[in-house]
Amino acid sequence: MNSRTAVIDYGMGNLRSVSKAVELCGADVDIITEANQVENYNAIILPGVGAFEPAIKIINNKGFDTAIKEHIAKNKMFLGICLGFQLLFSESYEDGLHKGLNIIEGSVEKFVPKENEKLIIPHMGWNKIFISKENKSAKEMYKNINDGDYVYFVHSYFCKPSDKNCIATTTNYSIDFCSSVAKDNVWGCQFHPEKSSDIGLQILKNFVEKS
């Protein structure tokens, strides 16, 4: 039976391209707009493009915060992409301090150039991912993907998990930062798999097969 996957529409996501990419991986995909729809699916994707504060307000006001946590507690698969990945964390320092979903303990912080460093922000374009050798969930997330493969990024802020064991990949952009996490049924990536060609599709395929 095909995986029944829902992409959450909260007004700040690249819904069409995410949905089409997941469909290519063999899943039946619906776009949902209400929190009570979450329980009908065995896999949920939270995409996102934009700023942290308005996004978390919408998520909380629509009740998606509770629905997502209940979904994860039932050991169902969850994937956060870009801003949807950042929303999983405890707090963000984007335009002030704002509380996140606290599913992954840690913070979201801005890239800061080192002294005399010309660092272009946002970090935009193709960059390498380096896969954790200790994280068993990372091995599932990155099955059939090689260390040093390229994926596509667009972001000015990066995530710092408190528990380093949940880090699935790191990427270097002035610093080595956490570019994805994998912890049991919770996956999250700062990059856009739907924009990352065959590598991104393989990640989504791994997610669908795990769902």
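This text goes with the structure placed above it.
Residues numbered from 1 in each chain as written. Predicted model: local features only at pLDDT ≥ 70, side-chain atom pairs only at ≥ 80, totals over all residues. Heavy atoms only, no water.

Trainee: With reference to specific residues and values, describe the side chain of Ser 174.
Mentor: Mapping Ser 174 onto the fold places it in the loop between strand S12 (167–173) and strand S13 (175–183). A distance of 2.9 Å separates polar atoms of two side chains, one belonging to Ser 174 and the other to Glu 117. (Helix = DSSP H or I, 4+ residues; strand = E, 2+ residues; numbered from the N terminus. Polar contact = N/O pair within 3.5 Å; in protein donor to acceptor, adjacent residues only side chain to side chain.)

Trainee: So, the pattern of salt bridges: which residues are in play, and what are the values?
Mentor: Taken as a whole, this structure holds 10 salt bridges when the rule is applied. As a salt-bridge pair, Glu 209 and Lys 143 come within 3.3 Å of each other at their nearest N and O atoms. Of this pair, Glu 209 sits in helix H6 (residues 197–210) while Lys 143 sits in the loop between helix H5 (136–141) and strand S10 (150–155); the two residues are 66 residues apart in sequence, bridging distant segments of the chain. Judged by its relative accessible area of 45%, Glu 209 is partly exposed. (Salt bridge = Lys/Arg side-chain N within 4 Å of Asp/Glu carboxyl O. Buried < 20%, exposed > 50% of the residue type's maximum accessible area, 1.4 Å probe, protein only.)

Trainee: Tell me what's going on with helix H3 (residues 64–73), and back it up with residues and numbers.
Mentor: Taken residue by residue, H3 has Phe 64, Asp 65, Ala 67, Ile 68, His 71 and Ile 72 as its buried positions. Down the axis of H3, the buried side of the element spans an arc of 170°, and every buried residue falls inside it. Along its buried surface, H3 packs onto strand S1 (4–8), strand S2 (28–32), strand S3 (43–46), helix H2 (52–61), strand S4 (77–81) and strand S14 (186–189). In the segment just after H3, Asn 75 is the residue with positive phi, at about 65°. (Arc of directions from axis to C-beta. Contact = heavy atoms within 4.5 Å.)

Trainee: Please give an account of the nonpolar core that cites residues and values.
Mentor: Counting 37 residues, the largest nonpolar core has Val 22, Ile 45, Leu 79, Met 141, Tyr 142 and Phe 191 as the members making the most contacts within it. For this core, the element with the highest residue contribution is H6, accounting for five residues. When neighbours within four sequence positions are excluded, Phe 191 is seen to be in contact with Ile 81, Cys 82, Ile 129, Tyr 142, Val 151, Tyr 152, Phe 153, Thr 169, Ser 179, Ser 180, Ser 196 and Ile 203. Core analysis: the second largest hydrophobic core is formed by 34 residues, Ala 67, Ile 68, Phe 78 and Leu 83 among them. (Core = buried A, V, L, I, M, F, W, Y, C linked by side-chain atoms within 4.5 Å.)

Trainee: Residues and numbers for the packing of helix H1 (residues 15–24) against H6, please.
Mentor: Here H1 crosses H6 at 70°, and the two axes come no closer than 9 Å. Relative to H6, the element H1 is oriented roughly perpendicular. Classified by chirality, the crossing of H6 by H1 is right-handed. Every residue of H6 that contacts H1 at Ala 21, Val 22 and Leu 24 is listed here: Leu 201, Leu 204 and Val 208. Residue composition of the contact of H1 with H6, by class: six nonpolar, no polar and no charged. (Axes fitted to C-alpha atoms, helices over the stretch in contact; angles between N-to-C directions. Parallel < 35°, antiparallel > 145°, perpendicular 65-115°, else oblique. Left-handed = near helix turned anticlockwise from the far one by under 90°. Nonpolar A, V, L, I, M, F, W, Y, C, P; charged D, E, K, R; others polar.)

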